[in-house]
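Architecture and fold: a report
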Amino acid sequence: MQKNNRKKIILVANWKCNPATLREAERLFRATVNVIPKNKNTEVVICPPYVFLSRYKIPARPAGGQDTRYKLGSQDVFWEETGAYTGEIGPRMLKSAGVSHVIIGHSERRELFGETNETVQKKTAAALKAGLSVIICVGERTREGDASVYISFIKEEVASALRDVPKSALSRVIIAYEPIWAVGSDEPDTPHSALEMAIYIRKTAADAYGRSLAQQLPVLYGGSVSASNAGAFLRDGGVDGLLVGRASLHPKEFGKIVKITQDINK
Ligand code: PGA
């Protein structure tokens, strides 16, 4: 049992490019918040598409009855604050829209939109500088062949993302281990190999920051997470939380994942 008393369990709901309309987003958002009970030991980060974000801004000082059961995350960020970059969204814009977390380097951005370790590094530094927390996604394309090849691939993803991150900002960094073959498929990884990868990820961070800081670094698992495998990853996968894609579009299913998480971290 890998239960970790030092850290909250983090659940990230990545809606990706869904739903299609504001009306549906409202419905999904309300239904999602309804399945998140108040709980100090779990942090739920809801990541809708950019255009819906400011609707769900949490007031700086929530008045009685206002919702603080979730944090707001974006699915990407640009590395410049402002300027002639048509279509981009800067980190301070996100901050002022109520966003506290940003996903950076999701495999879909890397595969479909040409993101590289270099762009991930720039986005990470810029987001941290703006005071945001970052959820950096890493993961291998395939597990075929020599294990040392995909392990060093991931180590390089982690090391380069962290290259410009000062020690003082490390408490706002989260790494999501998401093997690409498991994302959007129906083939989740096993808790056992997620555990191995979480160890390699922390080891890479330890090389840069020392062991004790690296031990504090939250590592999440993502890739076909559902209510039927969430418990196993949290108990046996050595991870501090989960990044949930498709299942986060179904509030009932997502609610089950939240419940499983809270039961584990009681
Ligand atoms: P999935 O997506 O849960 O649908 O596999 C995971 C992700 O967004 O990375």
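A quick note: this is a predicted structure, and the numbers were derived from the prediction, not measured. (Residues numbered from 1 in each chain as written. Predicted model: local features only at pLDDT ≥ 70, side-chain atom pairs only at ≥ 80, totals over all residues. Heavy atoms only, no water.)

Let us look at the overall build of the protein. For the protein, the count of helices and strands is nine helices and eight strands. Relative to its 266 residues, the protein shows a buried fraction of 53%. By sequence separation, contacts in the protein at least 24 residues apart represent 74% of the contacts at least 6 residues apart. When the accessible surface of the protein is summed, it comes to about 12,500 Å², and 52% of that surface belongs to carbon and sulfur atoms. Averaging the positions of the 37 positive and the 28 negative side-chain charges in the protein gives two centres separated by 10 Å. (Helix = DSSP H or I, 4+ residues; strand = E, 2+ residues; numbered from the N terminus. Buried < 20%, exposed > 50% of the residue type's maximum accessible area, 1.4 Å probe, protein only. Contact = heavy atoms within 4.5 Å. Areas by Shrake-Rupley, 256 points an atom, 1.4 Å probe, with all protein chains shown as cover. Lys, Arg positive; Asp, Glu negative; His and termini not counted. Charge placed at Lys NZ, Arg CZ, Asp CG, Glu CD.)

Before going further, it helps to spend a moment on the site of the ligand. The full set close to the ligand counts 13 residues, and His106, Glu178, Gly184, Ser224 and Arg246 are the nearest of them. One of the side-chain nitrogen or oxygen atoms of arginine 246 is found 2.6 Å away from an oxygen atom of the ligand. Look at the ligand: alone it shows 280 Å² of surface, and the protein chains cover 100% of it. Residue classes in the shell around the ligand are distributed as four nonpolar, six polar and three charged. (Near = heavy atom within 4 Å. Polar contact = N/O pair within 3.5 Å; in protein donor to acceptor, adjacent residues only side chain to side chain. Nonpolar A, V, L, I, M, F, W, Y, C, P; charged D, E, K, R; others polar.)

The element strand E1 (residues 9-14) is extensively covered by neighbouring structure, given that six of its six residues are classed as buried. Here E1 shows a buried face lined by Ile9, Leu11 and Ala13 and a second buried face lined by Ile10, Val12 and Asn14. The pairing of E1 with strand E2 (residues 42-47) spans six bridges and is classified as parallel. Bridged to asparagine 14 within E2 is cysteine 47. The parallel pair E1 and E2, bridged by helix H1 (residues 22-34), forms a crossover whose chirality is right-handed. In terms of strand pairing, E1 meets strand E8 (residues 241-244) through four bridges, oriented parallel. The partner of leucine 11 across the bridge, within E8, is leucine 242. (Pairing = 2+ DSSP bridges. Right-handed = clockwise from strand over helix to strand, strands pointing away.)

Moving on: the side chain of glutamate 43. Secondary-structure assignment places glutamate 43 in strand E2. Here glutamate 43 falls in the buried class, since its relative accessible area comes to 15%. Other than its neighbours up to four places away in sequence, glutamate 43 contacts Lys8, Ile9, Ile10, Leu11, Lys71 and His101.

The full count for this structure, using the stated rule, is zero disulfides. Cysteine cysteine 137 is unpaired, with the sulfur of cysteine 47 as its nearest cysteine sulfur at 9.4 Å. The class of cysteine 137 is buried, set by a relative accessible area of 2%. (Disulfide = S-S within 2.5 Å.)

Further remarks concern the sheet that holds strand E7 (residues 219-222). Ordered in space as E1-E2-E3-E4-E5-E6-E7-E8, the eight strands form a closed barrel in which the pairing is parallel. Here the average twist between neighbouring strands, direction ignored, is 25°. Alignment of E7 against E8, held across three bridges, turns out to be parallel. Across the sheet, residue glycine 222 finds its bridge partner in E8, namely leucine 243. Helix H5 (residues 147-162) rests against strand E5 (133-138) and strand E6 (173-177) of the sheet, and its axis sits at about 155° to E5. (Axes fitted to C-alpha atoms, helices over the stretch in contact; angles between N-to-C directions.)

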